[in-house]
Amino acid sequence: MESQLKEALGTSLLKATSYEGGGCISQGRSYDTDRGRVFVKFNHKPEACKMFLGEMAGLEAILQTKTVKAPKPIKIIELKDGGTAFAMEHLDMKSLNRHSAKLGEQLGDLHLQNQKLGEKLEKQQNVVGKGASQSDLQYVGEFGFHTVTCCGYLPQVNDWQNDWVSFYSRQRLQIQLDLIEKEYGDREARELWSHLQLKIPELFRDIKIHPALLHGDLWGGNAAEDQSGPVIFDPACFYGHSEFELGIASMFGGFSSSFYTAYHEKLPKADGFNKRQKLYQLFHYLNHWNHFGTGYRGSSLNTMKNLIK
């Protein structure tokens, strides 16, 4: 593997450092190379290449906005042993602490960026025909993404839709519940979903939703800081409702009050925000059920019951 990494990265030096990282899905290590230090993630699942391609596209999309820092992707390498590696910029990160408020502010800027592009285009009354680049982004008027991205290792259906409620119901919740039905045949989940899907449109009455570029999986473990400020990584990007981003934020570790204060100064809470947060948390409970088993069944079913009330 070492010789393959050297060849792919174009380096004669490949020296492992003491820095290791990773979680439930992939493992990673930093290496010193001729061109500086890089971080390489490894995964041996058959779907790893697709997963990393989506992650790379997400990092590129976030970096194009110039709103919040993320590691710069370098290369995806299909390993001869059947695994896949993803090399990216190494960042000297530590736990998010003094830059929590700054992350809230920058995340707000990320979520507003596409809306501001649309407002600018509307004022100009014309469409600029250039492709997206570091200095020139195109307005996105629908919900979805230009490629498959994964939340964990499960692929997300990112087909473009002009209606957010349909997108979220069919391409997020329904797909998770279909996987649960296939694996567990859970009758209670099936019955609750049959009632809940009829109530979802009510939660969005009188709410105008602009497609926002989302990190897609922004819990505390996917945010950190370096000397320059906050960093986000391991994205599951798509264009969706900005409120979706905060669904998982409070579930596993969460963020400080300064993060939320700074964020909501940019995007104030709309009527019904708290109940929609439960709806957005439901996706993550279902996704965790599909990844890690029935330990998340109770949280999934209770969330559906509370939303139906």
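Shown above is the structure to which this text applies.
Residues numbered from 1 in each chain as written. Predicted model: local features only at pLDDT ≥ 70, side-chain atom pairs only at ≥ 80, totals over all residues. Heavy atoms only, no water.

A. Quick peek at helix α8 (residues 297–308). With 12 residues, α8 should cover 16 Å at 1.5 Å per step; its first-to-last C-alpha distance of 17 Å lies within 8% of that length. For α8, the complete set of buried residues consists of Ser-300, Leu-301, Thr-303, Met-304, Leu-307 and Ile-308. Looking down the long axis of α8, one finds its buried residues gathered within 160 degrees of arc, a one-sided arrangement. Buried residues in α8 make contact with α4 (164–184), α5 (187–199) and α7 (273–292). (Helix = DSSP H or I, 4+ residues; strand = E, 2+ residues; numbered from the N terminus. Expected span 1.5 Å × (residues − 1). Buried < 20%, exposed > 50% of the residue type's maximum accessible area, 1.4 Å probe, protein only. Arc of directions from axis to C-beta. Contact = heavy atoms within 4.5 Å.)

B. View of the pattern of salt bridges. Applying the stated criterion across every chain yields a total of 13 salt bridges. The residue Lys-6 makes a salt bridge to Glu-2 at a minimum N-O spacing of 3.9 Å. Within this pair, Lys-6 and its partner Glu-2 are both found in helix α1 (residues 2–9), separated by 4 residues, close to a single helical turn. Judged by relative accessible area, which is 26%, Lys-6 ranks as partly exposed. One salt bridge connects Glu-55 with Lys-41, and the closest N-O pair in it is separated by 3.0 Å. Note that Glu-55 is positioned in helix α2 (residues 48–65) and Lys-41 in strand β3 (residues 36–43), a separation of 14 residues in sequence. The same class applies to Glu-55 and to Lys-41, which are both buried. (Salt bridge = Lys/Arg side-chain N within 4 Å of Asp/Glu carboxyl O.)

C. Looking closely at the pairing of strand β5 (residues 84–89). With 5 of its 6 residues buried, β5 lies for the most part within the structure. Looking at chain direction, β3 and β5 are connected through 6 bridges and run antiparallel. If you follow Val-40 over to β5, its bridge partner there is Ala-87. Relative to β5, strand β4 (residues 73–78) is paired through 5 bridges, and the arrangement is antiparallel. For Lys-75, the partnering residue across the bridge sits in β5 and is Ala-87. (Pairing = 2+ DSSP bridges.)

D. Summary view of unusual backbone geometry. The backbone of Lys-66 sits at a positive phi, close to 55 degrees, despite the residue not being glycine. In this structure, Asp-206 takes a positive phi of about 65 degrees despite not being glycine. Topologically, Asp-206 is positioned in the loop between α5 and β9 (212–214). For Asp-206, a relative accessible area of 76% puts it in the exposed group.

E. Structural detail: the sheet that holds β4. Taken together, 5 strands build an open sheet; the order of strands is β1-β2-β3-β5-β4 and the sheet is antiparallel. Across the chains shown, the open sheet's two edge strands, defined by having one partner strand only, are β1 (14–22) and β4. Ignoring strand direction, the axes of neighbouring strands in this sheet form an average angle of 25 degrees. Examined bridge by bridge, strand β2 (residues 27–33) and β3 share 7 bridges and lie antiparallel to one another. Considered in β3, the bridge of Thr-33 is made with Gly-36. The strands touched by α1 within the sheet are β1, β3, β4 and β5, with β4 carrying the most contacts at an inclination of about 135 degrees. (Axes fitted to C-alpha atoms, helices over the stretch in contact; angles between N-to-C directions.)

F. How the structure looks around the packing of α7 against α8. For the pair α7 and α8, interaxial distance at closest approach is 9 Å and the crossing angle is 155 degrees. Here α8 runs roughly antiparallel to α7, going by the angle between their axes. As α7 runs across α8, the sense of the crossing is left-handed. Across from Lys-275, Lys-278, Leu-279, Leu-282, Tyr-285, Leu-286 and Trp-289 in α7, the residues of α8 making contact are Arg-297, Ser-299, Ser-300, Leu-301, Thr-303, Met-304, Asn-306 and Leu-307. (Parallel < 35°, antiparallel > 145°, perpendicular 65-115°, else oblique. Left-handed = near helix turned anticlockwise from the far one by under 90°.)

G. Representation of α7 in the model. Here α7 contains 20 residues, and its C-alpha end-to-end distance of 28 Å stays within 8% of the 28 Å for a straight helix at 1.5 Å per residue. For α7, the tally of buried residues reaches 16 of 20 residues, placing the bulk of the element in the interior. Two residues or fewer after α7 comes Gly-293, characterised by a positive phi angle close to 105 degrees.

H. Examining the nonpolar core more closely. Within the largest apolar cluster, 70 residues are counted, with the highest numbers of intra-cluster contacts made by Trp-164, Leu-173, Phe-204 and Met-304. Here this core gets 10 residues from one element, more than from any other, and that element is α2. When neighbours within four sequence positions are excluded, Phe-204 is seen to be in contact with Trp-164, Val-165, Ile-209, His-241, Arg-276, Leu-279 and Tyr-280. Among the nonpolar cores identified, the runner-up in size contains 12 residues, and Leu-5, Ala-8, Leu-14 and Phe-42 belong to it. (Core = buried A, V, L, I, M, F, W, Y, C linked by side-chain atoms within 4.5 Å.)

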